[in-house]
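Results of the structural survey
Here's the letter readout for the chains.
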Amino acid sequence: MSQAAPPATPDRTPEKVDERLLRTSPLRRLMGRPELGSVVGAVAVFVFFSIVADAFLQASSLATVLYAASTLGIMAVPVALLMIGGEFDLSAGVMVTSSALISSMFSYQMTANVWVGALVSLLVTLGLGAFNGLMLTRTKLPSFIITLGTFLMLTGLNLGLTKLISGTVSTKSIGDMEGFASASIVFGEFTIGDTTVKATIVWWLVLIAFATWILLRTRFGNWIFAVGGGADAARAVGVPVKRTKILLYMGVAFAAWVSGQHLLFSFDVVQSGEGVGNELTYIIAAVIGGCLITGGYGSAIGSAVGALIFGMTSKGIVYAEWNPDWFKFFLGAMLLLATLLNAWVRKRAEATT
């Protein structure tokens, strides 16, 4: 004879539902996006300069803004991924110049096709990124110290080797060498009908899409967030922390190579002192885009919006005919305002979950 199931009692609570299966409203999902604050800021900056600068809304002006944003955004995307992973790279700015110098001087000295120089530069630049990652994971020193050392070494090498090989602080012209025309199309600019398109815009959009796919659709993206949220905890659940960080640094190096080739094949010669200070701009764009200094939070799209804000501000001041000396002031103000806005958005999102 089977026993009947015990009757339900008033104090019996229903089984807890897995929070991952709960439906969230579109507004709640929107409030949880890291780039929300930067998008609001970008709209405000666009409206502001549309009012104060008559030339800002011209097609040629918007194209210039987009180009300025893309040259920064190419580097801001991998730097954002690195920051989500909890690390910094202070050598990113001079690494751009290093990659351009290697391509130019190797091609000129070896009288080789410029594509050969570009390939050698790619290998060396990726090696520099791997060096940063290996030094970080092997020594356990902060990324600030590791990449600051790389920054100083590359700054000295850029100047010293350029003067030793070329006799001046700039490289020799390679504009008449084999392969330069095709490389200029890939890294400089190309024409579609009557429209000239800067190659950096295409590279930027591709990197944004690829980085977003990595973060949101791949295991490696989960590793990046896990490592940034806590390396020890990530390691405890099987995340390859060392490999993840090395690959992130190599990602920054690849973007530096792309930017360096653009620098070379757009202007033919490269000044060895360029790039110093740009690393801070990349970090600023990522922070404005919603990345946290502490890691574990951010998005590639947010870094792109941060770069767009930078482009609109740098060119909007010119179109408004203001003194460009004020640019750094506006950039610093945007950094503080964006950080405060991002913090407010995060608190609101956490309060509604």
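Residues numbered from 1 in each chain as written. Predicted model: local features only at pLDDT ≥ 70, side-chain atom pairs only at ≥ 80, totals over all residues. Heavy atoms only, no water.

By the secondary structure assignment, A80 is in helix α3 (residues 59-84). Its relative accessible area of 0% is what places A80 among the buried residues. It is 8.4 Å that separates the C-alpha atoms of A80 and A285, two residues lying 205 residues apart in sequence. Once residues within four sequence positions are removed from consideration, A80 is found in contact with A286, C291, S299 and S303. (Helix = DSSP H or I, 4+ residues; strand = E, 2+ residues; numbered from the N terminus. Buried < 20%, exposed > 50% of the residue type's maximum accessible area, 1.4 Å probe, protein only. Contact = heavy atoms within 4.5 Å.)

A few words now on the environment of S121. With respect to the helices and strands, the residue S121 is situated in helix α5 (residues 114-139). For the pair S121 and G260, spaced 139 residues apart in sequence, the C-alpha to C-alpha distance is 9.3 Å. Engagement of the side chain of S121 in a polar contact is seen with the side chain of S103, the distance being 3.3 Å. (Polar contact = N/O pair within 3.5 Å; in protein donor to acceptor, adjacent residues only side chain to side chain.)

The next subject is the pairing of strand β1 (residues 189-192). Bridge count between β1 and strand β2 (residues 195-198): four bridges; the pairing is antiparallel. Within the sheet, the bridge partner assigned to I192 lies in β2 and is T195. Hairpin connection of β1 to β2: two residues between the antiparallel strands, including G193 at a positive phi of 65°. (Pairing = 2+ DSSP bridges.)

Here S143 is to be found in helix α6 (residues 143-166). By relative accessible area, S143 is classed as buried at 5%.

Another aspect to go through is the nonpolar core. Side chains of nonpolar character tend, in soluble globular proteins, to be buried together. Judged by nonpolar contacts, the single largest core of 84 residues is most densely connected at M75, W204, I224, F265 and I309. It is α3 that contributes the most residues to this core, 13 residues altogether. Not counting chain neighbours up to four residues away, the residues in contact with I224 comprise L81, I84, G85, I214, L215, T244 and L248. (Core = buried A, V, L, I, M, F, W, Y, C linked by side-chain atoms within 4.5 Å.)

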